[in-house]
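Observations on the three-dimensional arrangement
Each chain is listed here by its residues.
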Amino acid sequence: MTKLVDSFGRQITYLRLAVTDRCNLRCTYCMPAEGAAIVDRKELLTYKEMYRITRVLSELGVNKVRITGGEPFVRKDLMGFLKMMSFNELLEEINITTNGVLVGVHAEKLSEFKVKTINLSIDSLQPEKFAQITRRSVFEKVWETLERIEKSDLKLKLNVVVQSGVNTDEINDFVELTRDREIEVRFIEEMPFNGVGIRSKDVVWDYKRILEEIKKKHPELAPLPVKKSSTSKNFKIKGAKGIVGIIPAYTRTICSDCNRIRITSTGDLKNCLFDEGVYSIRDFLRSEASDEELKQLFVDLVSKKPKDGFAAEENRKKNKNVSESMSSIGG
Ligand code: SAM
Ligand code: SF4
């Protein structure tokens, strides 16, 4: 089988697929209060197109797909799409990143469609602060989803974007959640993907600083073995059921064994989160390309995957500084 291997010998086995650029929240670190610019519906990939892209990629060795957005559950009939995707026998797992607001009723059904893990974004455990961050009063709904997923047979990971002076005082409250719960709490370095591009924060909370903050309270924090191609470095507090992870998303020390590519909701292939979108797969598909031609295209594009996120940023032509909203890229 032809595989997707880049010029640094990294094999691509993981696709992050953004099914929409729309969102029902307005997180301050992701987009402006009025929302990010969204594209016309016909610019979005259809479910059929997404299925075909995934099918072709799975024939090239991709066995894991993460569904993201915007907010995936805002797209009509996402459950129908997940069912369709589950018919692809080459896919081993489908995971979803979601803000959790619209997931509740579907929680128990997801595992029927090869969904194994839900990454739930939750940046504060305080309802009022949560409302300030997301600009919507939905904490209770998200917490309800969290509890429902916990009771289901899905694996639960919490995504916490560490925002200087906003939720840094809660880092150890989140760590505490892992004591009695079999969950993974993952702290993510904030990036400038906010639709504005300016990180107007006085102190940067990077991997090192987050770790120091946890160690202040938990000096015994134990590192866990490094998993290949994992985005997070993982730890455990003494006697805990769950895991604490830190994702160096902005300091980018995890690129050397990257196994992923992204397809945005408009069908641009991104070899790296920090590149500009290297090719419109949508336009290629809509020009009546065959599956064989599509396969060759993926092989060629992936061979140009940049060494790391810094090289990808350096290669940007139009917007030198990263500034697009994460909702348009598919975080
Ligand atoms: N709407 C869904 C959600 O929030 O989980 C899925 C899409 S969201 C873009 C995916 C992930 O990217 C979320 O965990 C979110 O917190 C994270 N994210 C968004 N903007 C970010 C930024 N500027 N820096 C770091 N992470 C960000
Ligand atoms: Fe929406 Fe997710 Fe961005 Fe928040 S982080 S605005 S939930 S896409």
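Scroll up a little and you will see the structure.
This is a predicted model, so every value here is computed, not measured. (Residues numbered from 1 in each chain as written. Chains lettered and ligands numbered in written order. Predicted model: local features only at pLDDT ≥ 70, side-chain atom pairs only at ≥ 80, totals over all residues. Heavy atoms only, no water.)

Let us look at unusual backbone geometry. Unusually for a residue other than glycine, Ser 229 sits at a positive phi of about 60°. What makes Ser 229 buried here is its relative accessible area of 13%. If you check the backbone angles, Glu 288 has positive phi at about 65° while not being a glycine. (Buried < 20%, exposed > 50% of the residue type's maximum accessible area, 1.4 Å probe, protein only.)

In this model helix α1 (residues 47-58) runs 16 Å from its N-terminal to its C-terminal C-alpha over twelve residues, within 8% of the 16 Å that 1.5 Å per residue would give. All buried positions along α1 are accounted for by Tyr 47, Glu 49, Met 50, Ile 53, Thr 54, Val 56, Leu 57 and Ser 58. Looking at the buried side of α1, the elements it contacts are β1 (14-18), β2 (64-68), α2 (78-86), β10 (260-263), α7 (281-286) and α8 (291-302). (Helix = DSSP H or I, 4+ residues; strand = E, 2+ residues; numbered from the N terminus. Expected span 1.5 Å × (residues − 1). Contact = heavy atoms within 4.5 Å.)

As a further point, take the state of the cysteines. By definition, a disulfide links two cysteine residues through a covalent bond between their sulfur atoms. Within the structure shown, the criterion is met by zero disulfides. Cys 272 supplies the cysteine sulfur nearest to Cys 255, a cysteine that is in no disulfide, at a spacing of 6.1 Å. Assessed through its relative accessible area of 14%, Cys 255 is described here as buried. (Disulfide = S-S within 2.5 Å.)

Right, let's talk about the packing of aromatic side chains for a bit. Enumeration over the complete set of coordinates arrives at seven aromatic pairs. For the ring pair Tyr 47 and Phe 81, a centre distance of 4.6 Å and an interplane angle of 10° mean the geometry is stacked. In this pair, Tyr 47 is assigned in helix α1 and Phe 81 in helix α2, connecting sequence segments 34 residues apart. Residues Tyr 47 and Phe 81 agree in their burial class; the two are buried. With centroids separated by 5.9 Å and ring planes inclined at 20°, the aromatic side chains of Phe 139 and Trp 143 adopt a geometry described as stacked. On the criterion of helical spacing, the pair formed by Phe 139 and Trp 143 is a turn pair, its members being four residues apart in helix α4 (residues 139-151). Given a relative accessible area of 8%, Phe 139 falls into the buried group. An aromatic cluster of three or more residues is present, and its members are Phe 130, Phe 139 and Trp 143. Here Lys 233 stacks its cationic end above the ring of Tyr 207, 5.3 Å away from the centre of that ring. (Phe/Tyr/Trp six-rings, centres within 6.5 Å; stacked < 30°, edge-to-face > 60°. Lys NZ or Arg CZ within 6 Å of the ring centre and 35° of its normal.)

Interpretation note: all reported values are geometric properties and have no functional meaning in isolation.
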